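Single-letter residue listing:
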Amino acid sequence: MKIIKKIGLVLLVALVIAQFFKPEKNSGDLASVAAFEAETKPPVDVKQILETTCYDCHSDVTNYPWYNAITPVNYWLAGHIKDGKKHFNVSNWAANSIKRKDHKFDELIEEVEEGEMPLNSYTWTHGDAKLTPEQITSVVNWAKLVRANYGLQPKPE
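Scope of this entry: the structure provided in the associated data block. (Residues numbered from 1 in each chain as written. Predicted model: local features only at pLDDT ≥ 70, side-chain atom pairs only at ≥ 80, totals over all residues. Heavy atoms only, no water.)

1. Some points on the overall build of the chain
The helix and strand tally for the chain stands at 7 helices and 0 strands. Each helix and strand of the chain, ordered N terminal to C terminal, gives the series α-α-α-α-α-α-α. Against the compact-globule benchmark of 15 Å for 157 residues, the chain has a radius of gyration of 19 Å, which places it well outside the compact range. Overall, the C-alpha framework of the chain stretches about 70 × 30 × 25 Å when taken along its three principal axes. Out of the 157 residues in the chain, the part that is buried amounts to 36%. Residue pairs at least 24 apart in sequence account for 74% of intrachain contacts in the chain once pairs closer than 6 positions are excluded. A total of about 10,100 Å² of accessible surface is found on the chain, and carbon and sulfur atoms cover 63% of it. Positive and negative side-chain charges of the chain, numbering 18 and 20 respectively, have mean locations separated by a distance of 11 Å. (Helix = DSSP H or I, 4+ residues; strand = E, 2+ residues; numbered from the N terminus. Rg over C-alpha atoms; globule rule 2.2 N^0.38 Å. Buried < 20%, exposed > 50% of the residue type's maximum accessible area, 1.4 Å probe, protein only. Contact = heavy atoms within 4.5 Å. Areas by Shrake-Rupley, 256 points an atom, 1.4 Å probe, with all protein chains shown as cover. Lys, Arg positive; Asp, Glu negative; His and termini not counted. Charge placed at Lys NZ, Arg CZ, Asp CG, Glu CD.)

Set out below in structure tokens:
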């Protein structure tokens, strides 16, 4: 029994010390998504969906939840954000070629239609980010129009 108490004490001390080490935060403001929004012209409903559901992980704008103050949870969140921005980052949208932008929107359509985005682990703690069928349709239709405007795909009927 003494060994279990010692192990528990060591783990507790390690957890307390870990609280002093934090990953870098994803800090930015909505101005970083201005070029993306100006180019893609999301309608009001889609813009609201992007702000509520997408920007936390796919831009430099992250509204951190209270539990981000807890290590190791903050490292887990930082990893999700880093991975999300690697795949689709609207804050550096202007730096992408038309071909890459078109491809990213193709992926966006696929991920949203298949229910892969937003991630379940995100919607568990952000209930308002769970997309309704109507919201999915709005996002997909907007994304298809954006792709058509890039001129690499036929115009939607």
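From this point, the narrative continues.
2. Details of a negative patch on the surface
A cluster of acidic residues, E110, E113, E114 and E116, forms a negative patch on the protein surface. In this structure E116 comes out as partly exposed when scored by relative accessible area, which is 43%. (Patch = residues over 30% accessible without salt bridge, like charges linked within 9 Å, V, L, I, M, F, W, Y side chains within 5 Å. Salt bridge = Lys/Arg side-chain N within 4 Å of Asp/Glu carboxyl O.)

3. Notes on the packing of aromatic side chains
This structure, assessed with the given rule, holds 9 aromatic pairs. Between F36 and F88, the aromatic rings sit 6.3 Å apart at their centres with planes inclined by 90°, giving edge-to-face as the arrangement. Note that F36 is positioned in helix α2 (residues 34-40) and F88 in the loop between α4 (73-87) and α5 (98-113), a separation of 52 residues in sequence. Classification of F88 as buried rests on a relative accessible area of 13%. Measuring from ring centre to ring centre gives 6.1 Å for F36 and F105, while their planes differ by 15°; the resulting arrangement is stacked. (Phe/Tyr/Trp six-rings, centres within 6.5 Å; stacked < 30°, edge-to-face > 60°.)

4. Overview of α4
If you check α4, its first and last C-alpha atoms are 22 Å apart, about what 15 residues at 1.5 Å a residue would give, namely 21 Å. Within the span of α4, buried status applies to N74, L77, I81 and G84. Buried positions in α4, seen along its axis, are confined to an arc of 90° and lie on one side of it. For α4, the exposed residues set more than 90 degrees away from the buried face come down to K82 and K86. (Expected span 1.5 Å × (residues − 1). Arc of directions from axis to C-beta.)

5. Remarks on the pattern of salt bridges
Under the counting rule described, the total for this entry stands at 7 salt bridges. Residues K104 and E107 are paired through a salt bridge, measuring 3.2 Å at the closest nitrogen-oxygen approach. Placement of both K104 and E107 in helix α5 is noted, with a separation of 3 residues, approximately one turn of the helix. The class of E107 is partly exposed, set by a relative accessible area of 28%. D106 serves as the salt-bridge partner of R147, at 3.2 Å between the closest nitrogen and oxygen.

6. Concerning helix α7 (residues 133-150)
When the terminal C-alpha atoms of α7 are compared, their 26 Å separation across 18 residues agrees well with the 26 Å that a helix rising 1.5 Å per residue should span. All of the buried residues along α7 are V139, V140, W142, A143, V146, R147, A148 and Y150. On its buried side, α7 packs onto α2, α3 (44-58) and α5. Within two residues after α7, G151 carries a phi angle of roughly 80°, on the positive side.

7. Focus: the nonpolar core
Within the largest apolar cluster, 21 residues are counted, with the highest numbers of intra-cluster contacts made by F36, F105, L108, V139 and W142. For this core, the secondary-structure elements that each account for two or more residues are α3, α5 and α7. Of all the elements, α7 adds the most residues to this core, at 6 residues. Beyond its immediate chain neighbours, meaning those up to four positions away, W142 contacts F36, T40, K41, P42, P43, V46, L50 and F105. (Core = buried A, V, L, I, M, F, W, Y, C linked by side-chain atoms within 4.5 Å.)

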